[in-house]
Amino acid sequence: MSHSACFHCALPVDPRDTYFVDIDGQQQPVCCPGCKAVAELIRDTGMSNYYALRETPEPGVGRPADDAAEWQIYDSADMTAAFAEGDDATAEATIYVGGMYCAACSWLIETSMARVAGVESADINPVTHRLRVRWRRDEVGLGGVLATLANLGYDPQPLAPESAARPELLEQRAALKRLLVASLGMMQVMMFAIGLYAGDFQGMEPSMQRFLRWVSFAVTTPVVFYSARPFFTSAWRGLLARSPGMDLPVSIAVGSAYAGSIYATLTNATAVWYDSVVMFVFFLTLGRFLEMRARHRSIDRSVALSNVLPNTVTLVDGDDRRTIPSNQLVAGNVVLVRPGESIPADGVLVDGNTSVDEALLTGEATPKAKAPGDELVAGSINLDGVIRMQVETTGADTTLGTISRLSERARYARPAYVQLADRVASYIVIAILVVAAVVGTYWAIAAPDRAFVITLSVLVVTCPCALALATPAAFAAAGTRLAQLRLLVTNGNAIEVLARTRRILFDKTGTVTQGSPAIDSIEILDEGYAEQEVRQVAAALETVSTHPIARAFALPQNDRVATDQQVAVGRGVAGTIAGQEWRLGRADYVGADTDEGGIYLGFDGQAVARFQVSDQLREDSAKTIERLGELGLASGLISGDSVAAVEQTAVRLGIADYHADCSPEQKLDLIRSLQDSGEAVVMVGDGINDAPVLAGADASIALAHGAELAQTSADILLVGNTLMPVATAVDIARGTLRVVRQNLAWAIGYNSLALPLAALGYVPPWAAAIGMSASSLIVVLNALRINRFGAS
């Protein structure tokens, strides 16, 4: 084959294209991302001999459908910018994958995407059907990623980072149509079945029996080929991937019953099973539809966050006012916000006084008064006056955008329990098929006339849908509930750790305290310096620090400027001012002769001043510690502050285990010593300054807001100004594992009871369909109870 022709479909290759596929060690040219995806799928599934055995195709034969090739449009810069985030080298996007039905789909998608050149990571959430994929721009584009999914048989739809579009609704409408066809078909076929059953007892003309059978066939056919199509598609996809899914035994049962009924109709055999077929499909489709509706609820919070922003804003340019789309705002714009309107972006109030409602973001229902110079957060509601604000950040960079992005990331956090369920699903399906084959063989020998019906019942009744949904449904509901409480889970394993931990450690400043310290007093230790002078020096040094205490030293105006600033984490900050190297921090760091508590300022090992700084406890800190105690958890306090300050805080909170003067290394050593003794340790702290300590804990919770959200990497992010959600999270985590155990017990118990009954011939096919659907529905509904956990 000429190198100027596509290796897969033989169409000419545009010389400007650089699409190649590696087949048996040779780089072969292909004409488009569609052919590239198909060729790679053929190669990666071990069927490369197809190219060696085939005859040279006519040009275009084997090329993906035109709609698949059209994914190339998403490789354009404009389309990529609209749907992806990232930098010049890499991009990341969220894609809704229509047509997923079981855990095997997750495996196929992740495995296939991992084989696409340039794709760095691909994480699918089987509950919400959303794929988060990251790729290198110089090797593959968004169009190539979408084409790969399309050629696997799925319906991919890229989601804009700020989009409030609901492609799930399209899936829901399609499922509703299938359910409607199945329900109508079941009602009609059951009416005909009543006549056939009556004829078996009272006698019926052969011509009338044939008529009712053919009418039943006509009504059943669209049910099988339309309503049941998702089951067959999913089963075939699993077979191609060599990872059979839950729909394989169901598809075999439906297809066998339908084919057997057609054969019986043609040969005038004694029985047909059209009624069982439509009942299979109806109850399975009903269960799948209800499960889908429950699944879609897990993304409602993100949609609510997206919908809170206005579509248009009033831009103020001097005396000119005009309305523009909110997505055209840029930093520096001044916009007018009227009472009742939502703040369109993060910025600063420049004109007017008002109060705003930030309940959606922080959970605090009390309005906050705002005056010129105060910060405004996107998504909060302007309650009172007409105001003008200057935009600082827009879109995904705002606090609201960051929360939405973290919520999106949280949905892909798949705990070890869920990953284990995905891995064993295929083995369970294979075991079911083996059992069905054994049962069928036995009855074919013992009672051939009953073998077919009993084997159908075994295939349907043992479908492991409930078992596969038991864990992911519970963890998805837990993630949704925690997000409602302003707890964003970025590591799914954190839920499991929270459920089994018996010890939680808290940082002091900015965690159990409000993080708004103030200087109570200044003691001058060197008479050569005035109070105003040491205040200015300290303020200049602290400009580089992110520690909450730094806020106490901030001055609105300061003529002194520090250079060469260095932060010694847990000790203090140093810098050069007017050629002199100054230090601010702990006594031993500054070089003070004695340590009487407080924060020292000095140079050349000589203390010049001592500051006494205090910070108020959060309103619910004591209640949180008390609640954790009621849950059986021991609370500890670790801080780099002085012994006196830490002891005072610990006494007020009722914490007996406290550690002061701790460097980050000492905090980490403390955590490791507890872990060595067999404890699972949860650390709650400042997401930026305590990053190493948080990383060392079994699970970590960081309190962060505003711009700090994007800089944290804890397992759980707490958005807001209260600590009580920490205790609530523990309660919900324990309830989640309790629900998981209940779901697994139900699924295993149901299959253990139903299988022998079906194998012995006591469960008719229609009852098997009802039992399997009901089992799956019970598991989903039980998981949804988690949405009520933690309610006050």
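Residues numbered from 1 in each chain as written. Predicted model: local features only at pLDDT ≥ 70, side-chain atom pairs only at ≥ 80, totals over all residues. Heavy atoms only, no water.

Enquirer: Could you clarify how one ought to interpret the sheet that holds strand β27 (residues 681-686) in this entry?
Expert: In a beta sheet, neighbouring strands are held together by backbone hydrogen bonds and run either parallel or antiparallel to one another. One open sheet holds the 7 strands; their spatial order is β17-β29-β28-β27-β18-β25-β26, and the pairing between them is mixed. A single partner strand is all that each edge strand has here, and the edge strands are β17 (487-489) and β26 (657-659). Strand-to-strand twist in this sheet, taken as the mean axis angle between neighbours without regard to direction, amounts to 20°. Note that β17 and strand β29 (residues 716-718) share 3 bridges and pair antiparallel. Among the inter-strand pairings, V489 is bridged to a residue of β29, identified as I716. (Pairing = 2+ DSSP bridges. Helix = DSSP H or I, 4+ residues; strand = E, 2+ residues; numbered from the N terminus. Axes fitted to C-alpha atoms, helices over the stretch in contact; angles between N-to-C directions.)

Enquirer: When you look at helix α22 (residues 621-630) in this model, what are you seeing that I'm missing?
Expert: For the α-helix, the turn length of 3.6 residues means that residues three or four positions removed from each other point alike. Taken as a whole, α22 has its buried residues at S621, T624, I625 and L628. Viewed end-on, α22 has its buried residues packed into an arc of 95°, placing them on one side of the element. In α22, those exposed residues whose orientation departs by more than 90 degrees from the buried face are K623, E626 and E630. One or two positions beyond α22, positive phi appears at G632, with a value near 85°. (Buried < 20%, exposed > 50% of the residue type's maximum accessible area, 1.4 Å probe, protein only. Arc of directions from axis to C-beta.)

Enquirer: Sorry if this is basic, but what is going on with the confidence of the model for the protein here?
Expert: As a general rule, the predicted coordinates of low-pLDDT regions are not to be interpreted in detail. Chain-level statistics for the protein give a pLDDT mean of 81 and a share of 83% at 70 or above. A low-confidence stretch, residues 65-69 stays under pLDDT 50, and its non-local contacts, those more than four residues away or across chains, total 3 contacts. (pLDDT = per-residue confidence, 0-100. Contact = heavy atoms within 4.5 Å.)

Enquirer: What should I look at first to understand the packing of aromatic side chains in this one?
Expert: For any pair of aromatic rings, the description consists of the separation of the ring centres together with the inter-plane angle of the planes. By the definition in use, this model includes 11 aromatic pairs. Consider the rings of F217 and Y258, whose centres lie 6.2 Å apart with planes at 15°: the pair is stacked. Separated by 41 residues along the polypeptide, F217 in helix α8 (residues 206-227) and Y258 in helix α10 (residues 247-267) bring together distant segments of the chain. Overall, F217 belongs to the partly exposed group, its relative accessible area being 22%. Residue classification places Y258 among the buried positions, given a relative accessible area of 8%. Note on W582 and F603: the rings are 4.8 Å apart at their centroids and 65° apart in plane angle, and the pair reads as edge-to-face. Taken as a pair, W582 in strand β22 (residues 580-585) and F603 in strand β23 (residues 599-603) lie far apart in primary sequence, 21 residues in all. Taking relative accessible area as the criterion, W582 reaches 6% and is therefore assigned buried. Of the residues examined, F603 reaches a relative accessible area of 17% and is grouped as buried. (Phe/Tyr/Trp six-rings, centres within 6.5 Å; stacked < 30°, edge-to-face > 60°.)

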